[in-house]
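A closer look at the structure
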Amino acid sequence: MASLSLKNIYKKYPGGVLAVKDFNLEIKDKEFIILVGPSGCGKSTTLRMIAGLEEISEGELYIGDRLVNDVAPKDRDIAMVFQNYALYPHMTVFENMAFGLKLRKTPKDEIKRRVDEAARILDISHLLDRKPKALSGGQRQRVALGRAIVREPRVFLLDEPLSNLDAKLRAQMRTELSKLHQRLGTTFVYVTHDQTEAMTMGDRICVMKDGIIQQVDTPQHLYSLPCNMFVAGFIGSPQMNFIESKIRKEGDDFFVEFGSEDTKTRPGVKFKIKLPREKNAENVLADYKDKDVIMGIRPEHIHDEDNFLKEMPDGIVTANVEVTEMMGAETYLYLNCEGYPINARVDASTTARTGDTIQITMDPSKIHIFDKETENTVIN
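A quick note: this is a predicted structure, and the numbers were derived from the prediction, not measured. (Residues numbered from 1 in each chain as written. Predicted model: local features only at pLDDT ≥ 70, side-chain atom pairs only at ≥ 80, totals over all residues. Heavy atoms only, no water.)

Let's shift gears to the overall build of the chain. Check the secondary structure of the chain and you find nine helices and 21 strands. Principal-axis analysis of the C-alpha atoms places the extent of the chain at approximately 85 × 45 × 35 Å. Of all intrachain contacts in the chain linking residues separated by at least 6 positions in sequence, the fraction that spans at least 24 positions is 66%. If you sum the accessible surface of the chain, you get close to 18,200 Å²; carbon and sulfur atoms cover 47% of it. (Helix = DSSP H or I, 4+ residues; strand = E, 2+ residues; numbered from the N terminus. Contact = heavy atoms within 4.5 Å. Areas by Shrake-Rupley, 256 points an atom, 1.4 Å probe, with all protein chains shown as cover.)

Strand-to-strand pairing in sheets goes through backbone hydrogen bonds, with the strands running parallel or antiparallel. If you walk across this open sheet you meet the six strands as β6-β7-β8-β3-β9-β10, and the pairing is mixed. Strands with a single pairing partner mark the edges of an open sheet, and in this sheet they are β6 (78-81) and β10 (212-217). Neighbour to neighbour, the strand axes of the sheet diverge by 15° on average, direction disregarded. For strand β3 (residues 32-36) and strand β9 (residues 204-209), the ladder comprises four bridges, and the chain directions are parallel. In the strand pairing of β9, Val36 is matched with Val207. Set on the sheet, helix α5 (residues 167-184) makes contact with β3, β7 (155-159) and β8 (187-192); between it and β8 the angle comes to about 160°. (Pairing = 2+ DSSP bridges. Axes fitted to C-alpha atoms, helices over the stretch in contact; angles between N-to-C directions.)

Right, let's talk about unusual backbone geometry for a bit. Omega for the bond connecting Ser237 with Pro238 falls within 30 degrees of zero, at -5°, which places this linkage in the cis form. You can see Pro238 is positioned in the loop between α8 (229-234) and β11 (241-250). Positive phi, close to 45°, is recorded for Asp22, a residue that is not glycine. With respect to the helices, strands and loops of the structure, Asp22 is situated in strand β2 (residues 17-27). Classification of Asp22 as partly exposed rests on a relative accessible area of 38%. Here the phi dihedral of Glu375 falls at roughly 65°; this positive angle occurs in a residue that is not glycine. (Buried < 20%, exposed > 50% of the residue type's maximum accessible area, 1.4 Å probe, protein only.)

As a further point, take helix α3 (residues 108-122). An ideal rise of 1.5 Å per residue puts 21 Å on 15 residues; α3 measures up with 21 Å between its terminal C-alpha atoms. Taken residue by residue, α3 has Ile111, Arg114, Val115, Ala118, Ala119, Ile121 and Leu122 as its buried positions. Each buried residue of α3 lies within a common arc of 160° when the element is viewed along its axis, so the set occupies one face. Seen from the buried face of α3, the exposed residues on the opposite side, beyond 90 degrees, are Asp109 and Arg120. Where α3 is buried, its residues contact α2 (93-103), α4 (137-149) and α5. (Expected span 1.5 Å × (residues − 1). Arc of directions from axis to C-beta.)

A few words now on the packing of α2 against α4. Across the interface, α2 lies against α4 with an axial gap of 8 Å and an inter-helix angle of 30°. Relative to α4, α2 is oriented roughly parallel. Classified by chirality, the crossing of α4 by α2 is right-handed. On the side of α2, the interface is formed by Val93, Asn96 and Met97, while α4 contributes Val143, Gly146 and Arg147. Looking at the contact of α2 with α4 residue by residue, the classes come out as three nonpolar, two polar and one charged. (Parallel < 35°, antiparallel > 145°, perpendicular 65-115°, else oblique. Left-handed = near helix turned anticlockwise from the far one by under 90°. Nonpolar A, V, L, I, M, F, W, Y, C, P; charged D, E, K, R; others polar.)

A word on the packing of aromatic side chains. Two numbers describe a pair of aromatic rings. These are the distance of the centres and the angle of the planes. Per the stated rule, a full pass over the model turns up eight aromatic pairs. Relative to Tyr340, the ring of Phe258 has its centre 6.0 Å away and its plane inclined at 80°; by these criteria the two rings are edge-to-face. In this pair, Phe258 is assigned in strand β12 (residues 253-259) and Tyr340 in strand β18 (residues 340-347), connecting sequence segments 82 residues apart. Since its relative accessible area comes to 2%, Phe258 is described here as buried. Through pairs of rings, three or more aromatic residues link up here, namely Phe32, Phe156, Phe188 and Tyr190. When the ring centre of Phe255 is taken as reference, the NZ or CZ atom of Lys272 above it lies at 5.3 Å. In this structure, Arg298 packs its charged tip against the face of Tyr223, placed 4.1 Å from the ring centre. (Phe/Tyr/Trp six-rings, centres within 6.5 Å; stacked < 30°, edge-to-face > 60°. Lys NZ or Arg CZ within 6 Å of the ring centre and 35° of its normal.)

Keep in mind that these numbers describe shape and distance, not what the molecule does.
Spelled out as structure tokens, the structure:
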């Protein structure tokens, strides 16, 4: 199998367009790593450079210990699975899966052995005589995976392979791909714009924006310890709430404050949430005293149940309920708190209804503070 090393990789297009900028990433042997980010962030371009389908403008790409910048795609010992499956419509499933091996002049009995094994792994043995038009989307996706598996490559490259499937099948295929990775023990590099896919499948996730790596980390660390507002907002569903705030200090304690003062023109309330001292163990908030910041809090760390209100009195604020969405196991509350839209994921037993004014508590230990100018994380 193989590790990958991308060192100072750039992709420049005519006209000075930089699609990928100074991309540095070490991918371990047998790792399942995910490149994630919004459309146009450079993730697919990066994958295509690994595959050899795009030329590297600057930098070095190693597969194992071998520099492959000038190595043809067919000689890189990689296999790529595309978003549109790219199956040959006039060939059967068996012929589609065997095609690459035939081109390499692999012996017939070896081709049959590999195709049968891949079909067994993917549970498509009963489909080998069918043509692609007789298959469902999920079955076509499995055939595309099978065509890659039979090549027994050192690295699998997958470019948004589930985006054409419906939601239920996508969830099922996520599980199948994770199992497949464990079974094959091969390096997987997977591109998606769907952060749910990234969070559920990857050993590590590389978050990209405008061709630049923002953060590379485990799913849990990205979720709990984002390095900036972009990562914090991109990872997690529903998205993290962001509120323009100020840092205040009273005695030895720091508070995050938002809302408006009572005025004759606009009556309002100023809310003040006391931050736990352990969040400021390195005293980084001292530099932000009386300064504007952005407070972030995830919807699941906002509560309206009485027991939470009693446990977290330092985080209580008042909000108006604008919309409620019953999701079965939980309820989403869309709130307005002093002009700031706030989403909360609360227990399904909530009594909050549209038009109510309710008390909620924001778990002070889960609050994130971001620098307003740089958008970098101050404290997580």
